[in-house]
Structures are given as C-alpha cells and as structure tokens.
Amino acid sequence: MNAPTLETRRLSKSYSGVPALRDGSITVARGEVHALMGENGAGKSTLIRILAGATTPDSGTILIDGQPVSIEHPSQSRRLGLRFIHQELAVIPELSVAENLFLGRPYPRRLGFLADWRELNRRASRALEALDIGHIDPSRKMARLSLGDQMLVKIAAAFLDDDGEAARLYVMDEPTAALTSEESERLFKVIAGLTERGRSVIYVSHRMDEVMRIADRVSVLRDGETVATRAISEISKAEMIELMTGRQIADAYPQRQATTTSASVLRLDEARSPDVHAISFDLRAGEILGVTGLSGAGQSEVLRLLAGADKWTGGTIELDGKALAAGTPAARWAAGIAYVPRERRLEGLLPRASVADNTVLAHLESLSRAGILRNRRAELQRSADIASRVKLKSTGGKQPVFQLSGGNQQKVVLARAILGGPRVLLLDEPTRGVDVAAKFDIHTLIRELAASGVAVLLASSDLSELTGMADRILVMREGRQSDIVAADGLTQARLLALSFGEPA
Ligand SMILES: Nc1ncnc2c1ncn2[C@@H]1O[C@H](COP(=O)(O)OP(=O)(O)OP(=O)(O)O)[C@@H](O)[C@H]1O
Ligand SMILES: [Mg+2]
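This one's a predicted model, so the numbers in the text were calculated from it and none came from an experiment.

Caption draft 1: Spatial organisation of the nonpolar core. Core analysis: the biggest nonpolar cluster contains 72 residues, and Leu266, Phe281, Val302, Leu306, Leu426 and Leu457 have the highest contact counts within it. Top element by residues in this core is helix H15 (residues 406-419). It accounts for seven residues. Discounting chain neighbours no more than four positions away, the residues touching Leu426 are Leu303, Leu306, Ala307, Ile337, Ala338, Tyr339, Val340 and Leu457.

Here it is, written out as structure tokens:
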C-alpha cells in the first residue's frame with residue numbers, strides 16, 4: 001500500500017448525548033479509491049462532515065501525511081487539500097451555473113472589488129471541461145438544467161482549482177444517487193483520471209456493484225464504528241453486507257409475483273406537458289410500470305405530469321375510468337395519486353418540521369375535509385407503523401427531519417406517500433440513498449402495495465431495480481415514449497440499448 005495521505009483515529013461525535021460516530025477510524029492511501037460503506041445512519045456523513053470542517057469531533061485525531069492536523073473550519077479543510085461532494089444537492093436555482101460553482105467561495109475580482117464575470121465563467125468552464133460536461137453553459141440559470149446536470153455541476157465544483165491549491169483527496173458522498181448510468185460512467189472516468197494522478201478518493205455509495213467495480217479498498221461502519229477495512233479483491237458482496245448489517249441478507253429482489261389485474265387504473269392517451277409528448281399507456285391495478293431513459297429523456301417528467309407538478313398541455317388522462325381534471329399536486333394527492341419526487345430537499349420535505357408532521361403533511365387537506373382531523377393521534381400511530389416498516393432510524397416522530405441521515409430522510413418521503421392509501425403510486429428514485437437491508441424491505445413493501453391493487457409507476461436510474469421490480473418498462477427518448485417492453489427476462493444491457501434507441 002502507498003503511504004497514507006489521510007488517517008482518522010477513533011473520531012467520535014454525539015448529538016445531545018446520542019452517538020452518531022463512536023470510532024471512525026480509516027486510512028486512505030495515496031492514489032486509491034477508498035469506499036466507505038454502512039447502513040443508513042451508520043455515521044458516514046458525520047465522519048465526512050468532520051473532515052470538511054462542517055462539524056467538530058468530540059474526540060479523535062486526524063492525520064495528513066502522518067502529521068496530526070486540526071480542522072475547525074471548511075477553509076482549513078480546503079487548505080489541507082480536501083475536496084467534497086456532499087450528499088445533498090444544495091443549489092440556488094436562481095443563480096447561474098458559474099455562480100453555483102463558486103457558492104461559498106470568493107469570486108474572482110477585478111480592481112480588488114468588482115466581480116470579474118469573465119474570469120468567473122472561464123474558471124467555471126474549465127471545471128466543467130475537467131468533468132467532460134462542457135455541454136453545460138456556465139452562464140445558464142441553474143433552474144434550467146436537468147437534475148442530473150445540476151448534480152454534475154455540484155460535482156464539478158469540487159474541481160475548481162482556485163489559487164493553485166493542490167487537491168489531495170476528493171470525498172464523494174453518494175455522488176451517483178441522482179445520476180443516470182450514463183452520467184455515472186462519466187464520473188467513474190474522472191475518478192480513474194484522479195487516481196492516476198496520485199489523488200485519492202473516499203467514495204460513499206449504497207450501490208454494491210459500483211463499489212465492487214471502482215474501489216480499491218473498503219471500510220465498513222456499523223453503528224458509528226469502523227468494523228473492518230478490506231481490499232475489494234478479497235471481499236464478496238455477501239461478506240460486505242454481513243459486515244454492514246451483522247446479518248446475512250441477499251442483495252436481491254423479492255420474488256416476482258403476477259399481481260397485474262385486468263382493471264385499468266390509469267389510462268393515458270397522448271398526454272403531454274411542456275417536457276413530454278404523446279404518452280399513452282394503460283396501467284392496471286397491481287401492475288408496476290418501470291420508467292427509464294437516458295438523462296433528460298423525460299422519465300421524471302412523466303411522473304411530474306401525473307403528479308400535477310408540471311403543466312398538462314394536452315391529451316387525456318383517466319383515473320379509474322373517469323377523466324382526470326387538471327389539478328394541483330394537492331388535488332392529485334386527494335384524488336389518490338401519491339408522489340415520491342426525485343429531489344427530496346427541493347420538492348419533498350420540510351427539513352425543520354418533525355418526522356410525524358412531514359409524513360401527515362400531504363394528507364392534512366384530505367384529512368380535514370373528511371372531518372377526521374381530530375383523529376390525529378391514530379394517524380400518528382399509522383405514521384409510526386409505516387416508519388417502522390420502512391426501517392426508519394430516528395429518535396421518534398418528534399425528531400426534526402434535518403437531523404436524520406440522508407437515507408432516512410428518503411424513507412420519510414416514502415412513508416408519507418404510502419400513508420394515504422393511494423390508488424396510484426408515482427415513485428421517482430424511491431430507494432435513492434437507501435441501504436441494502438432497507439432497500440429489500442422497501443421493495444417488498446412496493447410489491448405488497450401492488451398486490452393490494454395499487455398501480456405503481458417506478459422511475460429509477462438503477463437498471464437492476466427496474467428489471468428486478470417492474471412488470472413492464474416504459475422507455476423514454478428525447479421526451480417521447482419510445483417503447484413499452486416486458487421486464488421479465490430483460491437484461492440491463494438490453495434495457496440500456498433500448499434507451500439509446502436501438503429497435504426492440
Ligand atoms: N444534527 C444532528 N442532530 C442530531 N442527530 C444527528 C444530526 N446529524 C446526524 N445525526 C444522527 O447521526 C447518525 C448518523 O448519521 P449520518 O448522517 O452520519 O449517517 P450516514 O451513515 O451518512 O447514513 P446515510 O447512508 O443514510 O446517509 C444518525 O442517527 C443521525 O440521525
Ligand atoms: Mg449520509
């Protein structure tokens with residue numbers, strides 16, 4: 001092994017007496033990709049926030065090139081050559097791409113005080129080129145980019161080479177969670193280029209295949225403690241899962257069941273929004289329809305149209321045989337169409353509100369209309385039941401959502417969608433950031449909901465999730481419906497080929 005570029009020894013951190021990290025000990029060699037794995041809430045992001053200077057540890061030591069250092073502020077972390085791609089996409093949609101790249105950093109100046117926009121855009125372009133995403137215009141408004149492109153911009157921010165400070169270590173907290181497989185490949189190429197030049201990478205992901213493919217070594221955190229560090233070549237997926245969970249769990253999908261019935265729940269005939277054209281399908285009770293496509297092909301937008309989040313500009317949509325009226329997202333919820341949006345921070349959650357409030361939030365309108373608001377206690381009980389079904393790790397219903405780990409926030413969004421007993425469930429990346437054990441439970445839950453007659457639309461960038469869960473798959477291409485294929489027996493390679501437009 002090359003000399004360690006970074007080492008952490010017994011880092012710990014508690015929040016109001018509850019330990020988030022108890023013994024975070026990792027050693028990262030020069031030029032390696034070091035994966036950090038563990039269940040939701042294991043302490044991965046806490047360890048990363050300590051390295052970033054975003055939070056201070058209660059105890060423990062950090063060494064760089066063998067020398068103890070203290071990191072009390074993000075600028076110190078930066079000077080030490082550490083760069084971060086954090087788990088949550090924090091963008092300001094109203095600002096340009098270049099301005100977003102420079103968020104929290106000093107802008108280049110002219111005459112000491114005027115922002116030098118040309119220089120700003122030039123350096124932004126360079127960072128975008130470094131990531132092979134030169135197609136993104138730095139002067140464009142962030143809001144106009146697809147979510148995948150926004151994520152790529154956030155990633156590019158880690159590559160801004162300001163003032164010639166040398167980067168030694170890139171820390172990536174689930175960078176591919178919101179990327180399509182095509183965009184992920186781009187990132188993997190960049191990572192390979194970084195390690196060739198002697199840079200190191202700490203890589204957090206719940207996607208086992210990805211970790212097996214790009215990491216050199218892996219450290220596993222369990223309940224805030226580093227329980228093992230292994231070479232990837234010497235560990236199997238099953239062993240990795242057992243280290244993470246302490247149990248043996250298959251990285252698999254629940255048994256396929258034929259739950260599709262003949263009852264049509266959702267019928268679209270040439271439905272359109274500003275972003276998708278002529279979508280026609282008939283979704284039946286008990287059916288799971290996957291939705292896939294290359295980045296920006298319109299897969300999320302099909303769900304947004306149905307959720308009432310995007311404008312419905314033409315064609316017909318029928319729910320249970322009745323024409324659906326144009327409506328707001330709230331009206332759609334009330335009509336029985338539940339939605340798990342792709343970007344939980346921007347569209348999904350009120351971070352300061354409690355877990356319980358967030359789960360009943362979307363239902364308040366229908367609850368009060370039905371005059372059962374007094375029965376809130378029963379609803380809270382149901383919210384707690386569902387929280388346990390999705391394996392939510394929290395201190396209880398009163399905990400504010402921002403205190404939860406990323407994967408647990410995702411489970412809150414999902415719990416909320418299920419709580420109202422929907423007819424149609426629109427799921428956009430439902431298991432994004434969710435650990436393997438919880439993923440299996442969530443998949444089982446989705447299957448059970450289908451079996452009980454719910455019609456499910458499942459958009460996912462994880463091709464194995466689509467082939468493993470869906471009955472049929474809708475392939476989107478450039479905002480149009482390109483194909484609908486049966487999922488049973490479909491390989492991921494074939495699915496990707498269809499997304500690229502090869503004939504079925
Ligand atoms: N500000 C905070 N206040 C209270 N508890 C917190 C706070 N931040 C994190 N925690 C708790 O610390 C624990 C570890 O969280 P962390 O975000 O490090 O998990 P993680 O391993 O990154 O999980 P995930 O895979 O879901 O992202 C969790 O139980 C979380 O609820
Ligand atoms: Mg995390």
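Picking up after the structure, the text goes on.
Caption draft 2: Summary view of the site of ligand 1. In the vicinity of ligand 1, 20 residues are found, and the nearest of them are Gly41, Lys44, Thr46, Ser405 and Gly407. In this structure, an oxygen atom belonging to ligand 1 sits 2.9 Å away from a side-chain N or O atom of His206. Here an oxygen atom of ligand 1 and a backbone polar atom of Gly406 are 3.4 Å apart. Within the complex, 88% of the 640 Å² of free accessible area of ligand 1 lies under protein. Going through the elements one at a time, helix H1 (44-51) and H15 are the ones with two or more residues in the shell around ligand 1. Per-element accounting of the shell around ligand 1 gives the leading share, four residues, to H1. The residue makeup of the shell around ligand 1, split by class, is four nonpolar, eleven polar and five charged. Shared between two domains, the shell around ligand 1 takes at least three residues from each, and those domains are domain 1 (4-245) and domain 2 (264-499).

Caption draft 3: Up close: the packing of aromatic side chains. Summed over all chains, the structure comprises zero aromatic pairs. In this structure, Lys13 packs its charged tip against the face of Tyr15, placed 5.5 Å from the ring centre. Note that Arg352 overlies the ring of Phe402, its terminal NZ or CZ placed 4.3 Å from the centroid.

Caption draft 4: Focus on the sheet that holds strand E19 (residues 424-428). Read across the open sheet, the six strands follow the order E18-E19-E20-E15-E21-E22; overall the sheet is mixed. The sheet terminates laterally at strand E18 (337-340) and strand E22 (480-486), the two strands that pair on one side only. Strand after strand, the sheet turns through a mean of 20° between neighbouring axes, direction not considered. Relative to strand E20 (residues 455-459), E19 runs parallel, the two sharing five bridges. Along E20, the bridge assignment pairs Leu427 with Leu458. Running at roughly 175° to E18, H15 makes contact with E18 and E19 of the sheet. Against the sheet, helix H18 (residues 492-499) makes contact with strand E15 (288-293), strand E21 (472-477) and E22, and its axis sits at roughly 35° relative to E21, the strand it touches most.

Caption draft 5: Seen up close, the environment of Arg230. Looking at the secondary structure, you find Arg230 in strand E12 (residues 225-231). The exposure class assigned to Arg230 is partly exposed, which follows from its relative accessible area of 31%. Along the sequence, Arg230 and Asp65 sit 165 residues apart, while their C-alpha atoms lie 21 Å from each other. Among residues more than four places away in sequence, those in contact with Arg230 are Arg217, Val218, Ile235, Glu239 and Leu243.

Caption draft 6: Looking closely at the pattern of salt bridges. Scanning the entire structure with this criterion turns up 19 salt bridges. Its salt-bridge partner being Glu318, residue Arg267 comes within 3.6 Å of it at the nearest N-O pair. Of this pair, Arg267 sits in strand E13 (residues 264-272) while Glu318 sits in strand E16 (residues 314-319), and the two are 51 residues apart along the sequence. Residue Arg267 is classed as partly exposed on the basis of its relative accessible area, which comes to 37%. Here Glu318 falls in the partly exposed class, since its relative accessible area comes to 26%. Among the ionic contacts, a cluster of salt bridges with common partners joins Arg267, Asp282, Arg284 and Glu318.

Caption draft 7: Representation of unusual backbone geometry in the model. At Asp223, a residue that is not glycine, the phi angle is positive and equals roughly 45°. The residue Asp223 is located in the loop between strand E11 (217-222) and E12 in this model. Phi is positive for Ala278, which is not a glycine, with a value near 45°. Here Ala278 lies in the loop between E13 and strand E14 (279-284).

Caption draft 8: Local environment of the pairing of E19. Burial runs high along E19: five of the five residues are buried. Of the two faces of E19, both are covered, the one formed by Val424, Leu426 and Asp428 as well as the one formed by Leu425 and Leu427.

Caption draft 9: Looking closely at the side chain of Ser354. Structurally, Ser354 can be placed in the loop between helix H11 (344-348) and helix H12 (355-360). Ignoring any residue separated from it by four or fewer positions in sequence, one finds Ser354 in contact with Gly397, Lys398, Gln399, Pro400 and Val401.

Caption draft 10: Expanded view of the packing of H15 against helix H16 (residues 436-451). Relative to each other, H15 and H16 sit at 15°, their axes nearing to 13 Å. In terms of orientation, H15 lies roughly parallel with respect to H16. Along this stretch, H15 crosses H16, giving a crossing that reads as left-handed. Listed contacts from H16 to Lys411, Leu414 and Ile418 of H15 are Ala438, Ile442, Leu445 and Leu449. Residues of the contact of H15 with H16, tallied by class, amount to six nonpolar, no polar and one charged.

Caption draft 11: The arrangement of the packing of helix H5 (residues 147-157) against helix H6 (residues 181-196) in detail. Taken N-terminus to C-terminus, the directions of H5 and H6 make an angle of 15°; their axes are 11 Å apart at the nearest point. Taken as axis vectors, H5 and H6 run roughly parallel relative to one another. Crossing angle aside, the handedness with which H5 passes H6 is right-handed. Residues Gly148, Asp149, Leu152 and Ile155 of H5 touch H6, and the partners they reach there are Glu183, Arg186 and Leu187.

Reading the values: the criteria
Residues numbered from 1 in each chain as written. Chains lettered and ligands numbered in written order. Predicted model: local features only at pLDDT ≥ 70, side-chain atom pairs only at ≥ 80, totals over all residues. Heavy atoms only, no water. Core = buried A, V, L, I, M, F, W, Y, C linked by side-chain atoms within 4.5 Å. Buried < 20%, exposed > 50% of the residue type's maximum accessible area, 1.4 Å probe, protein only. Helix = DSSP H or I, 4+ residues; strand = E, 2+ residues; numbered from the N terminus. Contact = heavy atoms within 4.5 Å. Near = heavy atom within 4 Å. Polar contact = N/O pair within 3.5 Å; in protein donor to acceptor, adjacent residues only side chain to side chain. Areas by Shrake-Rupley, 256 points an atom, 1.4 Å probe, with all protein chains shown as cover. Nonpolar A, V, L, I, M, F, W, Y, C, P; charged D, E, K, R; others polar. Domains from an automatic or database assignment. Phe/Tyr/Trp six-rings, centres within 6.5 Å; stacked < 30°, edge-to-face > 60°. Lys NZ or Arg CZ within 6 Å of the ring centre and 35° of its normal. Pairing = 2+ DSSP bridges. Axes fitted to C-alpha atoms, helices over the stretch in contact; angles between N-to-C directions. Salt bridge = Lys/Arg side-chain N within 4 Å of Asp/Glu carboxyl O. Parallel < 35°, antiparallel > 145°, perpendicular 65-115°, else oblique. Left-handed = near helix turned anticlockwise from the far one by under 90°.

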